[in-house]
Amino acid sequence: MQTSFIQKHLNILDYALSSLLRRKLKNGGIALIFSLVIFLLASFQFLTQSLETTAEKVLVFAPDITLQRLSAGRQVSLPDSSIGSLAGIFGIRQIIPRVWGYHFDEKNGANYTILGLPADSIQKAEVSLSHGRLPQKKKPGEVVISSSVRASLELGERKSFTLFRSDLSQASFTVVGIFTDNTDILTGDTILMNLQDARDLFRLGDGMVTDLAVSVTNPAETDTIAAKISGIMPDTRILTNSQIRKTYRTVFGWRSGFGSVCLLTALASFVILAWDKASGLSQEEKREIAILKFLGFQINDILALRFWESIAVACVSFLLGLTLAYIHVAFFEGSLFTPILLGWSVLRPSLNLDPAVTFADLLLVFSYSVLPYLAATIIPAWRSAVIRAETII
Amino acid sequence: MLFNTWGLALSIISLCALFLIATASRTAIRVLRFWDPNSDSSTQIELESEIWLSSTLVMYGLGFQIISLLLFVLAADHFSGMIIGAMCATGSFLANSYGIPVLLIKIAGVFIYGIWIILHQLDIQSEHYPLIKIKYWYLVAILPYLLLEIILQTRYLAELSPEIITSCCAVFFGGKEQLGQNLLGTYSTTGLMAGFYSVAAVLCGLCLYQLSAKKLSAPINIGAGLTWILFFILSLVVITVVVSSYIYAMPYHHCPFCILKAEYHGLGYPIFLTLFLAVFSGISHIIAGFCNNLPGLAAPVRKLQTLSARCALAMLCIFVLLSSYHFWAYILFT
């Protein structure tokens, strides 16, 4: 019984494919538009997925706990002597004072991220450089920049450049190294320098820092240590690495959801089109169904025929749409949607996205593209199946 | 999370399913009001063709329901990356009071739609349509069930917020009494496994008996149906409390959802698929048994029962082997 059931459906599928090929223009048009809709939806999903993965990768370098002082709800600098008050907490491996902030370059409208670290911490940091070396202790003005910052500063082969301090006096710097492009999403706009140089650029007082980066020995204890720090320094904001990860996922998820809502209009239009196309049977199609019925096809056979036609169109469109979306994200950095998901900064990091497509992503895209299409074609399929053969021929 | 891509996809599937079932219910109401097999009026002829539409719609509804259940679990796993304290799908389901009820409703939904299709398949094989009224009353009842599922799912998604702190399936620090369980309480492993194998053995015997005997009496039929339901619940408990931690090789990790992940070779998919198929086939056999005496259904019922008993037996054996493998491999070889 099972063999004859499978054989019957294989025969119907065979007929459905030949029937689709006979009406190439109509079905090809539907498949093309459907592929486009799937391409848009899948691009969003793949891009979100890749950005989440990239964020996860670069957050490996982020400190386990970041401490910032708040005053009147705003972040203010704190003295690096506060490190001493945390000395009694077990499980803290290292505390690094940092000065960081944004420097607006009026010349080209770019915002650089300035990061100042103690020289010995810079040497220990797991920073990968494409060439050059890290800033050294007793050599003021040495910096590491990314290749996009170098391009933005129009340095060319020159090593030295200047930035304006807040009082419009100039601070000069020498480039000693260039970050590797792999961490471009994190370091794309970064200028890394010694702590003292960063204080000088931002006009911070001696011994003042913007935050403290705490690393812990056992990551499972991060939340407990964060709670202890909060008890000792109640005026600080404490950010843990896992919180930042979850925030990234939430933000990407929300932005991608927002984008998908906008794309739903495209999906809705397509579903209406599919319904309309499936409903409007030509005289020739009606004759075909009438002949099939004379040959002994039942209503459920014609419904099965229509089902296989819809599945064939959906499969071709799904594969085409997914392939295009993959190419768009992997080779063109998802350029259509990157501004929505990443923001509009002038110095946007150049991304090297590698969409790791999982079964869950495919099922997700399938659910909100193919299922509405299948749902839209059932009633027209049934209407065509119940045509009275004797009224047509 | 309502406007997260996953939330949107779940809502879209639910709306599609609602559209399908509402359209099918319209036919159901017309059939319940106007069906008259002795008439050859145009309404009756229209209704006879409309029953094909309604059955197709419910079949699609079943397909959508299965995809929706799978997507719901995968979505919960994805949400765990945003919710504080959640490490996998369990944490997301426990993040508010709607998660677990929606999951249970979706699981039951697969059986509810499936049973309708079994009734329909039997019904159309008799020229008298003996089950037509029952199956359309049943179909009308599916609509409020689906509405309830959509309302609860929407509330679950709307109230799921990244700020909520939840706890997950592995609780590392706790009293001696709570050794790591969160989704379900503590049970004796020996007692559970003994119960699990006993019920499985009873059901195997039942399937063999069903294959050899012509007909079961009504009380045995009801007893067999209840045993299948008991086995389904017991299997879910055994997978969560005992089997899962042997698959993960982590004594404190008791989660029925992480076994779906690629890290564990997606072992959860064949385990759950065979469990659902075994229980569904077993229940189909029982349901068909009640239709045996209806006009024109004796032969179709016999055919369906043979098929379902074979399928239930095969799936049950595969399920027990798959779910027991890691447990026995650990007990015997380590």
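Being a predicted model, the structure only gives us computed values, none of them experimental.

> Whenever I open this one, the overall build of chain A confuses me. Can you help?
In terms of helices and strands, chain A carries 13 helices and 13 strands. Over its C-alpha atoms chain A spans a radius of gyration of 30 Å, topping by over 25% the 21 Å that the globule rule assigns to 393 residues. Dimensions of chain A, computed from C-alpha atoms along their principal axes, come out at roughly 95 × 50 × 40 Å. Within chain A, contacts between residues separated by at least 24 positions form 82% of all contacts whose residues are at least 6 apart in sequence.

> It is not clear to me how the nonpolar core should be interpreted in this structure. Could you clarify?
Generally speaking, nonpolar side chains in soluble globular proteins are found buried as a group. Ile38 of chain A together with Ala9, Ile13, Phe72, Leu122 and Leu316 of chain B are the most contacted members of the largest nonpolar core, which totals 146 residues. When residues in this core are grouped by element, the largest group, 17 residues, is from helix H2 (residues 42-79) of chain B. Residues within four places of Ile38 of chain A in sequence aside, it is in contact with Ser317, Phe318, Gly321, Leu322, Val365 and Ser369 of chain A. Listed in part, the 34 residues of the second largest apolar core include Leu67, Phe202, Leu212 and Val214 of chain A.

> Just to check I follow, could you spell out the environment of Trp228 of chain B for this structure?
All names here are of chain B. Inspection of the secondary structure puts Trp228 in helix H7 (residues 218-248). Separated by 17 residues in sequence, Trp228 and Ser245 have C-alpha atoms that sit 25 Å apart. Excluding residues that lie within four positions of it along the chain, Trp228 makes contacts with Leu203, Val279, Gly282 and Ile283.

> Looking at this structure, I do not really get the domain arrangement of chain A. What am I missing?
By a widely used convention, the size of an interface equals the accessible area lost when the partners come together. One can read the domain layout of chain A as domain 1 (2-58 + 247-392) and domain 2 (78-209). Of note, the centres of domain 1 of chain A and domain 2 of chain A, computed from C-alpha atoms alone, are 49 Å apart.

> Mind showing me how you'd approach the packing of helix H1 (residues 5-34) of chain B against H2 of chain B here?
Helix-helix packing is described using two parameters, namely the angle between the two axes and the distance between the axes. Residue and element names in this part refer to chain B. Relative to each other, H1 and H2 sit at 155°, their axes nearing to 8 Å. By the angle between their directions, the pair H1 and H2 is classed as roughly antiparallel. Pair H1 / H2 crosses with left-handed handedness.

> I tried to follow the environment of Asn96 of chain B on my own but got confused; where do I start?
All names here are of chain B. Inspection of the secondary structure puts Asn96 in the loop between helix H3 (89-93) and helix H4 (99-123). Classification of Asn96 as partly exposed rests on a count of 17 C-beta atoms within 10 Å. Measuring from C-alpha to C-alpha, the distance between Asn96 and Tyr156 comes to 6.9 Å, with 60 residues separating the pair along the chain.

> How should the pairing of strand E10 (residues 190-194) of chain A be read in this particular structure?
Note on strand geometry: in a regular strand, side chains alternate between the two faces of the sheet. All names here are of chain A. Buried residues dominate E10, accounting for five of its five residues. Of the strand pairs in this sheet, strand E5 (residues 110-117) and E10 are connected by five bridges, and their pairing is parallel. Looking at the pairing, Leu115 lines up with Leu192 of E10.

> Explain helix H5 (residues 132-159) of chain B to me, please; I cannot follow it from the model alone.
Given 3.6 residues per turn, any residue in an α-helix points the same way as the ones three and four places further on. Taking 1.5 Å of rise per residue, 28 residues should cover 40 Å, and H5 of chain B covers 41 Å from first to last C-alpha, within 8% of that figure. All of the buried residues along H5 of chain B are Ile132, Lys135, Tyr136, Leu139, Ile142, Leu146, Glu149, Gln153, Tyr156 and Leu157 of chain B.

> How should I be thinking about the UniProt feature "transmembrane region" (unreviewed entry) in chain A in this particular structure?
All names here are of chain A. According to UniProt, the "transmembrane region" (unreviewed entry) feature falls on residues 28-47, 252-275, 302-322, 329-347 and 359-382. In residues 28-47, the share of helix is 100% and the share of strand is 0%. The end C-alpha atoms are 27 Å apart. Annotated as 100% helix and 0% strand, the span residues 359-382 places its first and last C-alpha atoms 32 Å apart.

> Would you mind going over the UniProt feature "transmembrane region" (unreviewed entry) in chain B with me for this structure?
The UniProt record annotates "transmembrane region" (unreviewed entry) at residues 51-72, 104-122, 134-152, 192-211, 223-249, 269-291 and 312-333 of chain B. Each end of residues 312-333 of chain B is marked by a C-alpha atom, and these two atoms are 31 Å apart; helix forms 100% of the span and strand 0%.

> Sorry if this is basic, but what is going on with the domain arrangement of chain B here?
Residue and element names in this part refer to chain B. Domain assignment breaks chain B into domain 1 (5-159) and domain 2 (189-333). A straight line from the C-alpha centre of domain 1 to that of domain 2 covers 23 Å. Across the contact, 17 residues belong to domain 1 and 18 residues belong to domain 2. Breaking the side of domain 1 that touches domain 2 down by element, the ones donating at least two residues are H2, H3 and H4. Counting residues per element, the side of domain 1 that touches domain 2 draws most heavily on H4, which supplies six residues.

> Looking at this structure, how should I read the interface of chain B and chain A?
Facing 29 residues of chain B, the contacting portion of chain A comprises 27 residues. Among the elements of the structure, H1 and H2 of chain B are those that each provide at least two residues to the side of chain B that touches chain A. For the side of chain B that touches chain A, the leading source of residues is H2 of chain B, giving twelve residues. When grouped by side-chain class, the residues that make up the side of chain B that touches chain A number 21 nonpolar, eight polar and no charged.

> I would appreciate a short explanation of helix H7 (residues 222-232) of chain A in the present structure.
All names here are of chain A. Among all positions of H7, only Ile225, Ala226 and Ile229 are buried. Viewed along the axis of H7, the buried residues span an arc of 105°, placing them on a single side of the element. With respect to the buried face of H7, the exposed residues turned more than 90 degrees away are Ala227 and Gly231. Buried residues along H7 sit against strand E1 (65-71), strand E4 (92-105), strand E12 (211-216) and strand E13 (236-240).

Basis of the calculations
Residues numbered from 1 in each chain as written. Chains lettered and ligands numbered in written order. Predicted model: local features only at pLDDT ≥ 70, side-chain atom pairs only at ≥ 80, totals over all residues. Helix = DSSP H or I, 4+ residues; strand = E, 2+ residues; numbered from the N terminus. Rg over C-alpha atoms; globule rule 2.2 N^0.38 Å. Contact = placed C-beta atoms within 7 Å. Core = buried A, V, L, I, M, F, W, Y, C linked by C-beta atoms within 7 Å. Buried ≥ 20, exposed ≤ 12 C-beta atoms within 10 Å, placed from the backbone. Domains from an automatic or database assignment. Axes fitted to C-alpha atoms, helices over the stretch in contact; angles between N-to-C directions. Parallel < 35°, antiparallel > 145°, perpendicular 65-115°, else oblique. Left-handed = near helix turned anticlockwise from the far one by under 90°. Pairing = 2+ DSSP bridges. Expected span 1.5 Å × (residues − 1). UniProt positions renumbered as here; feature names shortened; annotations may be inferred. Nonpolar A, V, L, I, M, F, W, Y, C, P; charged D, E, K, R; others polar. Arc of directions from axis to C-beta.

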